[in-house]
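Observations on the three-dimensional arrangement
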Amino acid sequence: MAVVFKKTDMLTDAPLHYCPGCTHGIIHRLVAEVLEELGVGDKTIGVAPVGCAVFAYNYFNCDMHEASHGRAPAVATGIKRTHPDACVFTYQGDGDLASIGTAEIVHACTRGEKFTTIFVNNAIYGMTGGQMAPTTLPGQVTTTSPYGRDTDHCGYPVKVSEMLSTLDGAYYIARVSVDSVKNVIQAKKCIKKAFEYQLAGKGFTLVEVISSCPTNWGMTPVEALNWVREKMLPYYPLGTYKDKGANE
Amino acid sequence: MEKHLMKGAEAIAEAAILAGCRQFFGYPITPQNQIPEYMSKRMPQIGGCFLQAESEVSAINMVYGAAGSGARVMTSSSSPGISLKQEGISYIACAELPCVIVNIVRGGPGLGGIQPAQSDYFQCTKGGGHGDYRLIVLAPDSVQEAVDFTYKAFDLADKYRNPVLILGDGMIGQMMEPVVLPEAKTEFVDKPWATTGRKGKDRRIINSLYIDPAVLEQINLELMKKYELIAKNETACEEYMADDADIIIAAYGTTARIAKKSIKELRAKGIKAGLIRPITLWPFPSEAFSKAADHAKCMLTVEMSCGQMVEDVRLAVNGKVPVDFFGRVGGMIPSWKEIMAAAENTLKGGKN
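Residues numbered from 1 in each chain as written. Chains lettered and ligands numbered in written order. Predicted model: local features only at pLDDT ≥ 70, side-chain atom pairs only at ≥ 80, totals over all residues. Heavy atoms only, no water.

1. Notes on the sheet that holds strand β10 (residues 237-240) of chain B
All names here are of chain B. The strand order across the open sheet formed by five strands is β10-β12-β11-β14-β15, and the pairing between neighbours is mixed. In this open sheet, the two strands that pair with only one neighbour each are β10 and β15 (323-327). Strand-to-strand twist across the sheet, computed as the mean angle between neighbouring axes with direction ignored, equals 20°. By the bridge criterion, four bridges tie β10 to strand β12 (residues 273-278) in an arrangement that is antiparallel. Within β12, the residue paired with Glu239 across the bridge is Ile276. (Pairing = 2+ DSSP bridges. Helix = DSSP H or I, 4+ residues; strand = E, 2+ residues; numbered from the N terminus. Axes fitted to C-alpha atoms, helices over the stretch in contact; angles between N-to-C directions.)

Put into structure tokens, the structure is as follows:
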């Protein structure tokens with residue numbers, strides 16, 4: 001019988017716990033497919049965050065660490081410095097990476113740590129029930145910004161890709177989205193490029209993936225994807241922010 | 001036997017390297033900077049990794065990553081920095097990862113001072129971070145012991161898959177003494193649980209999250225069993241003129257060293273004084289104190305703190321004899337004369 005589709009071996013058979021319509025599942029699959037295509041499953045060590053992806057260690061079919069909140073880049077540093085030939089990645093959300101773990105990601109980046117970070121930005125704290133995130137848009141209603149994010153009171157969203165791309169240690173920084181087939185294909189290309197650079201021993205690589213959170217945004221999955229296009233992508237423009245490899 | 005004149009902090013660093021430590025993650029803080037400085041010089045010479053982290057929080061999480069992937073790894077800091085490491089230490093304890101943490105204690109609380117203190121006893125022996133866990137805590141009283149305990153700490157950590165803490169103070173870290181260094185270790189235990197990449201085998205997960213309370217209870221109970229085993233096998237103390245003593249002085253580290261001089265002087269005056277010096281602060285040598293309480297008239301705990309270990313001594317003695325306390329704090333070091341006077345006062349039934 002001809003096989004027309006097969007789930008990547010780099011995902012386990014554990015059922016994902018993510019909410020219906022959440023795009024974490026797509027992002028997991030893209031990362032897993034890239035790891036399989038690159039043939040690095042036996043030498044990959046991943047680091048899961050605290051947040052919605054806290055159980056990622058159950059899903060990626062490779063050696064995994066579960067880190068404390070925001071510390072995944074420090075944990076990945078310890079792993080990569082112990083096993084320089086391993087393929088190491090962190091998978092982090094916006095609260096984890098852009099709030100409590102800001103110091104860790106900035107310094108891993110500026111040191112040029114040779115691992116790959118998949119940064120999932122859905123502009124909200126999902127796991128804890130929809131609180132304001134560092135990436136919550138101005139005016140966006142969350143459970144801790146019930147009148148909408150007031151930038152006069154609590155400041156502006158952190159634009160992680162723009163910020164990190166200013167650091168000399170950043171080798172490859174790209175922002176992608178998974179709201180459409182076209183963007184999913186582009187996202188996979190960028191994720192693959194980031195891992196290829198890592199495997200070639202280049203510097204720090206990060207792919208920011210704009211994601212949706214229908215549950216905590218209070219929308220249907222379709223409405224949520226429309227909100228990504230109408231609200232998030234104008235604030236967080238897609239594109240490659242740093243690609244040292246393109247100039248080499 | 002070749003002797004080297006070494007500063008405590010540097011001796012600890014060299015002992016770690018001889019024990020096979022090849023990963024060190026640290027952050028500057030006085031009075032322990034000679035450890036990371038020494039490591040930054042030596043690690044590149046031997047193919048190891050010294051990395052200055054952006055914070056103590058990051059340093060301990062680098063330790064978590066390296067320990068989980070099989071490294072012999074160490075970090076060092078001093079009191080305020082150890083406070084910052086507590087989150088990571090709790091995770092490391094739950095994930096049962098071997099590592100060595102050095103605390104060269106300074107006066108607190110808060111930013112405190114930079115002179116020697118023993119006021120981190122509670123933090124180091126009673127948890128410090130969240131949850132039910134224990135560190136193996138070794139307290140050297142000389143540079144030679146700092147070397148020997150650091151060397152041993154890596155084996156203990158591997159044997160029990162548990163973090164081991166070397167509790168020194170500014171005196172131990174900064175003092176220079178002649179030391180005999182051990183042989184470089186060449187044989188290490190296998191760590192089949194470590195993440196090294198699957199390499200064709202089943203994948204490994206380093207984790208401290210157990211969302212099902214029934215499972216988490218079992219994890220806790222298994223940890224407790226391990227701690228009981230450690231207490232059974234590894235509890236250590238030194239007894240000095242304690243057999244016939246009317247008064248037992250309880251002290252560890254630098255303070256114990258000073259107390260020995262006080263005891264000699266007390267004996268010269270005809271007062272039967274002795275010392276019990278806990279070497280493992282956890283597991284605490286309760287039995288030694290309990291037995292001594294069967295013949296001694298009283299005890300005096302001396303610490304560079306406002307009275308922390310004294311609680312464990314009182315628990316061990318369980319009311320059999322009075323346990324008095326004398327302490328100097330904030331970086332002040334008790335003199336042998338002060339300890340002697342305190343002991344005489346205790347013997348008279350006075351309270352220090």
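2. Things to note about the packing of helix α1 (residues 24-37) of chain A against helix α8 (residues 181-199) of chain A
Residue and element names in this part refer to chain A. The interhelical angle for the contact between α1 and α8, taken along N-to-C directions, is 45°, at an axis separation of 9 Å. Overall, the two elements α1 and α8 adopt an arrangement that is oblique. Like other packed secondary-structure pairs, α1 and α8 cross with a definite hand, here right-handed. Between α1, through Ile26, Leu30, Val31, Glu33, Val34, Leu35 and Glu37, and α8, the contact on the second element is made entirely by Val184, Ala187, Lys188, Ile191, Lys192 and Phe195. Taken together, the residues of the contact of α1 with α8 sort by class into nine nonpolar, no polar and four charged. (Parallel < 35°, antiparallel > 145°, perpendicular 65-115°, else oblique. Left-handed = near helix turned anticlockwise from the far one by under 90°. Contact = heavy atoms within 4.5 Å. Nonpolar A, V, L, I, M, F, W, Y, C, P; charged D, E, K, R; others polar.)

3. Remarks on the layout of surface pockets
All names here are of chain B. The volume enclosed by the largest pocket comes to roughly 320 Å³. For the largest pocket, the lining is made up of 18 residues, of which Ser90, Cys94, His130, Ser208 and Leu216 are closest to its centre. Taken together, the elements giving at least two residues each to the lining of the largest pocket come down to α4 (79-94) and α8 (213-234). Within the lining of the largest pocket, the residues separate by chemical class into 11 nonpolar, five polar and two charged. (1 Å grid on protein atoms, 1.4 Å probe; cavity = no way out; pocket = protein on both sides within 12 Å on 5 of 7 lines; lining within 4 Å. Points joined across faces, edges and corners; volume = space filled by probe spheres on them.)

4. Quick look at the state of the cysteines
Inspection of the entire model under this criterion finds zero disulfides over all chains. Between Cys22(A), a free cysteine, and Cys52(A), which holds the nearest cysteine sulfur, the sulfur-to-sulfur gap is 6.4 Å. (Disulfide = S-S within 2.5 Å.)

5. Some details on the interface of chain B and chain A
Taken together, the 33 residues of chain B in the interface contact 36 residues of chain A. Buried area between chain B and chain A, both sides added, is near 2600 Å², and the carbon and sulfur share of it is 53%. For chain B, the biggest contributors to the area lost against chain A are Glu54(B), Arg198(B) and Arg203(B); these three give 24% of the whole. At the junction of chain B with chain A, the criterion picks out four salt bridges. (Buried area = accessible area lost by both parts, 1.4 Å probe. Salt bridge = Lys/Arg side-chain N within 4 Å of Asp/Glu carboxyl O.)

6. With respect to the sheet that holds strand β4 (residues 116-121) of chain A
Sheet architecture is open: eight strands sit in the order β7(A)-β5(A)-β6(A)-β4(A)-β3(A)-β1(A)-β2(A)-β9(B), paired in mixed fashion. Edge positions in the open sheet fall to β7 (239-243) of chain A together with β9 (205-206) of chain B, since each of these has one partner strand only. Across four bridges, the pairing between strand β5 (residues 170-177) of chain A and β7(A) is antiparallel. Across the sheet, the residue bridging to Ala174(A) is Thr240(A), located in β7(A). Against the sheet, helix α5 (residues 102-110) of chain A contacts β3 (87-93), β4, β5 and β6 (204-210) of chain A, and its axis sits at roughly 135° relative to β6(A). Packed on one face of the sheet, α8(A) meets β3, β4, β5, β6 and β7 of chain A and runs near 165° to β5(A).

7. So, the nonpolar core
Buried together is how nonpolar side chains tend to be arranged in soluble globular proteins. Of all hydrophobic cores here, the largest spans 122 residues; its most connected members are Leu164(A), Phe25(B), Ile35(B), Met74(B), Phe289(B), Met299(B) and Val313(B). When residues of this core are assigned to domains, at least three fall in each of domain 1 (4-234) and domain 2 (238-347) of chain B. For Val313(B), the residues in contact, after removing those within four places along its chain, are Ala250(B), Phe284(B), Phe289(B), Met299(B), Thr301(B) and Val323(B). If you look at the next biggest cluster of nonpolar residues, it comprises 40 residues, including Ala56(A), Tyr171(A), Val178(A) and Ala187(A). (Core = buried A, V, L, I, M, F, W, Y, C linked by side-chain atoms within 4.5 Å. Buried < 20%, exposed > 50% of the residue type's maximum accessible area, 1.4 Å probe, protein only. Domains from an automatic or database assignment.)

8. Things to note about the domain arrangement of chain B
Residue and element names in this part refer to chain B. Taken as a whole, chain B is organised into domain 1 (4-234) and domain 2 (238-347). Relative placement of domain 1 and domain 2: their C-alpha centres are 28 Å apart. Between domain 1 and domain 2, the residue contacts involve 31 residues of the former and 25 residues of the latter. Taken together, the two surfaces of domain 1 and domain 2 that pack against each other cover about 2400 Å², and 56% of this comes from carbon and sulfur. Of all residues in domain 1, Gln118, Tyr121 and Asp141 give up the largest surface area on contact with domain 2, accounting jointly for 31% of the area buried on that side. For the pair domain 1 and domain 2, the interface holds four salt bridges. Between Arg257 and Glu177 there is a salt bridge, with the nearest N and O atoms lying 2.4 Å from each other. Applying the counting criterion to the domain 1 and domain 2 interface returns 17 residue pairs in polar contact (both at pLDDT 80 or more). If you list the elements that add at least two residues to the side of domain 1 that touches domain 2, you get α5 (121-125), β6 (136-138), α6 (143-160), β7 (163-169), α7 (170-174) and α8. Among the elements that line the side of domain 1 that touches domain 2, the one with the most residues is α8, at four residues. Tallied by class, residues from the side of domain 1 that touches domain 2 come to 18 nonpolar, five polar and eight charged. (Polar contact = N/O pair within 3.5 Å; in protein donor to acceptor, adjacent residues only side chain to side chain.)

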